[in-house]
Amino acid sequence: MATATGTSPRMLIYHFGTRDALLRSVLGHARQRQLDTFGELLRVRPDEPYTATLSRAWTSITGPDGQPYLRMFGRLRESTEQQLWPDFRRTATTDWLGPLEDGLRSIGRADLATLVLAVIRGLLMDLDATGDTARTGQAFRDFLGAVEDLSHGSTPYCSQDRAGSTSSVNPVSDT
């Protein structure tokens, strides 16, 4: 049986050596397309606040353009699929830290890159599990509001002195 391009599955396996090598190649190319596409979405734009950039990126990542990547790479988090790309979970995390640090540096908060990435990844897992785009989208917008507050120096729930000690502040009452 030939594929739409006239290449038989046997020829593909012959070219790549094994089915897993073929799948790794396909995944590698898809991952590079994802990095290029979403890396461009995360780059700093001098004419807009970085939280607006993150909002647009979230819309694309969770929308029709991002869904195929989320489905494909979401499976690689599962232990049985990790055999195809054993270091995928680590790579899929660290690949995004640099672009997020660069973007967040534009608002003086490169230190928030890990937090922003963790929230994005957590909300994507939530979205994958529930399909609730309205709730996860609202949660991301609320989070961006908090990032905006942090970029302006507002820290409503804790304060840090020059020695690095953190003290909690109860926004409701200290009675």
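Everything below is about the structure shown above.
Residues numbered from 1 in each chain as written. Predicted model: local features only at pLDDT ≥ 70, side-chain atom pairs only at ≥ 80, totals over all residues. Heavy atoms only, no water.

Caption draft 1: Quick look at the overall build of the protein. Helix and strand counts for the protein stand at seven helices and two strands. Start at the N end of the protein and walk to the C end: the helices and strands fall as α-α-α-α-α-α-α-β-β. With 175 residues in all, the protein has 30% of them scored as buried. Of the accessible surface of the protein, which amounts to about 11100 Å², a share of 55% is contributed by carbon and sulfur atoms. (Helix = DSSP H or I, 4+ residues; strand = E, 2+ residues; numbered from the N terminus. Buried < 20%, exposed > 50% of the residue type's maximum accessible area, 1.4 Å probe, protein only. Areas by Shrake-Rupley, 256 points an atom, 1.4 Å probe, with all protein chains shown as cover.)

Caption draft 2: Expanded view of the environment of P68. In this structure, P68 sits in helix α4 (residues 67–75). Its relative accessible area of 36% is what places P68 among the partly exposed residues.

Caption draft 3: Seen up close, the side chain of R109. Considering the arrangement of structural elements, one finds R109 in the loop between α5 (88–105) and α6 (113–130). A polar side-chain atom of R109 sits 3.1 Å from the main-chain carbonyl oxygen of L150. For R109, the residues in contact, after removing those within four places along its chain, are L104, L150 and S151. (Polar contact = N/O pair within 3.5 Å; in protein donor to acceptor, adjacent residues only side chain to side chain. Contact = heavy atoms within 4.5 Å.)

Caption draft 4: Up close: the nonpolar core. Ranked by internal contacts, the top residues of the largest apolar core, which has 29 residues, are L42, L54, L100, L104, V116 and F140. When contributions to this core are tallied by element, the ones reaching two or more residues are α2 (19–42), α3 (50–62), α4, α5, α6 and α7 (133–151). Excluding its chain neighbours within four sequence positions, the residues that come into contact with V116 are L54, L100, L104, F143 and V147. (Core = buried A, V, L, I, M, F, W, Y, C linked by side-chain atoms within 4.5 Å.)

Caption draft 5: Representation of the packing of aromatic side chains. In this structure the tally under the stated criterion is three aromatic pairs. Here the aromatic rings of F140 and F143 are separated by 6.3 Å at their centres, their planes lie at 35°, and the arrangement is tilted. A residue pair is termed a helical-turn pair when its members lie 3 or 4 positions apart in one helix, as F140 and F143 do in helix α7 at three residues. Just as F140 is buried, F143 falls in that class too. Of the aromatic side chains, those joined through ring pairs into one cluster are W58, F140 and F143. (Phe/Tyr/Trp six-rings, centres within 6.5 Å; stacked < 30°, edge-to-face > 60°.)

Caption draft 6: Representation of α3. The first and last C-alpha atoms of α3 sit 18 Å apart over 13 residues, in line with the 18 Å expected at 1.5 Å per residue. Among all positions of α3, only Y50, T51, T53, L54, A57, W58, S60, I61 and T62 are buried. (Expected span 1.5 Å × (residues − 1).)

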